[in-house]
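# Observations on chain architecture
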Amino acid sequence: MIRSILKAVLPRPFVQLLRDLGRLESGARLTYLRLAFLRRLGVVRFHTTPSGPTMTIVAICHGNILRSAYAGALLSRPDVVARLPGLRVSSAGVHALPGKLADPRGVKVAREHGVDLSGHRATQLGAKIVEAADLLVVMDYLNEAEVVSRFPKAAGKVTLLGGFDPGRPGNPAVPDPFNGDLDAVRMSFACVATAVDGLVATLSPV
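Everything in this summary refers to the structure shown in the same document. Values in this document were obtained by computation on a predicted structure and should not be read as measured data.

## Focus on the overall build of the protein chain
- Scanning the protein chain from N- to C-terminus turns up nine helices and four strands.
- In summary, the protein chain has a C-alpha radius of gyration of 17 Å against a globular reference of 17 Å for 206 residues, a match within 12%.
- Buried positions account for 45% of the 206 residues belonging to the protein chain.
- Long-range pairs, those at least 24 residues apart, make up 74% of the contacts in the protein chain with a sequence separation of at least 6.
- Summed over all atoms, the accessible surface of the protein chain reaches about 10900 Å², with 61% contributed by carbon and sulfur.

## Topic: the side chain of Asn-143
- Secondary-structure assignment places Asn-143 in helix α8 (residues 141–150).
- Among all residues touching Asn-143, those that are not within four sequence positions of it are Ile-60, Cys-61, His-62, Arg-67, Val-94 and Val-138.

## Here's the deal with a nonpolar patch on the surface
- Taken together, Phe-37, Leu-41 and Val-43 make up a surface patch of nonpolar side chains, about 300 Å² in accessible area.
- Structurally, the position occupied by Phe-37 is in helix α3 (residues 26–40).

## Here's the deal with the sheet that holds strand β2 (residues 87–93)
- The sheet built from four strands is open, its strands ordered β2-β1-β3-β4 with parallel pairing. Lying at the two open borders of the sheet, with one neighbouring strand each, are β2 and β4 (158–160). This sheet shows a mean twist of 25 degrees between the axes of neighbouring strands, independent of strand direction.
- Pairing between strand β1 (residues 55–61) and strand β3 (residues 135–138): four bridges, direction parallel.

## As for the side chain of Arg-168
- Note that Arg-168 resides in the loop between β4 and α9 (182–203).
- Buried charge without a salt bridge: Arg-168, with Asp-165 as the nearest opposite-charge side chain at an N-O distance of 4.4 Å.
- Within polar-contact distance, the side chain of Arg-168 engages the backbone oxygen of Ala-173 at 2.5 Å.
- With residues near it in sequence (within four places) discarded, Arg-168 still touches Gly-162, Ala-173, Val-174, Pro-175 and Cys-191.

## Some points on the pairing of β1
- Burial analysis of β1 places seven of its seven residues in the buried class, which makes it a mostly covered element.
- Neither face of β1 is exposed, since Met-55, Ile-57, Ala-59 and Cys-61 on one face and Thr-56, Val-58 and Ile-60 on the opposite face are all buried.
- As paired elements, β1 and β2 share seven bridges and run parallel to each other. Bridge assignment links Ile-60 to a residue of β2, and that residue is Ala-92.

The rules behind these values
Residues numbered from 1 in each chain as written. Predicted model: local features only at pLDDT ≥ 70, side-chain atom pairs only at ≥ 80, totals over all residues. Heavy atoms only, no water. Helix = DSSP H or I, 4+ residues; strand = E, 2+ residues; numbered from the N terminus. Rg over C-alpha atoms; globule rule 2.2 N^0.38 Å. Buried < 20%, exposed > 50% of the residue type's maximum accessible area, 1.4 Å probe, protein only. Contact = heavy atoms within 4.5 Å. Areas by Shrake-Rupley, 256 points an atom, 1.4 Å probe, with all protein chains shown as cover. Patch = residues over 30% accessible without salt bridge, like charges linked within 9 Å, V, L, I, M, F, W, Y side chains within 5 Å. Salt bridge = Lys/Arg side-chain N within 4 Å of Asp/Glu carboxyl O. Pairing = 2+ DSSP bridges. Axes fitted to C-alpha atoms, helices over the stretch in contact; angles between N-to-C directions. Lys, Arg positive; Asp, Glu negative; His and termini not counted. Polar contact = N/O pair within 3.5 Å; in protein donor to acceptor, adjacent residues only side chain to side chain.

Such coordinate-based values are descriptive only and should not be taken to indicate function.
The structure is reproduced here in structure tokens:
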């Protein structure tokens, strides 16, 4: 009852902020607020775009069974490898259960686009993965805050995947479809695919 009243009287952005803070691990809440404040001021946090003959990219989301699994698969396609022959790609989740299968909805939607996620197994994000990466591509602001909070020295390697989609200025977060239906997965995966194309274009030699 009280929650419903608060939702009705408080501004929607504030309600969303409280919801996001409640989903974060305690150590990441201050990081989330700090990054949100900087964005509000128009301060862009820069990251290092990898270059050179080899590069390692890790796609990251919450559980590594939907968004990051699909992003990793798209970045591993033969046409991408042909454009970026030194590319090494993996995916992980900040709260992944190691070995968990890809979400069946994600497997179905990926298959609609010729991508096979049936062999995917979730990986927990850890220090070794972070240290070996040149670029840590996260899906949303929650992922960003938790990765930066856990691995502050790697903050310069963290960026939001949606930032590479020119059609989403000011809104680079890829929505998490976990609690949605099949259409929510389709919408989220479409965002992932467009942003991956933008990332590949950014990394490709001119």
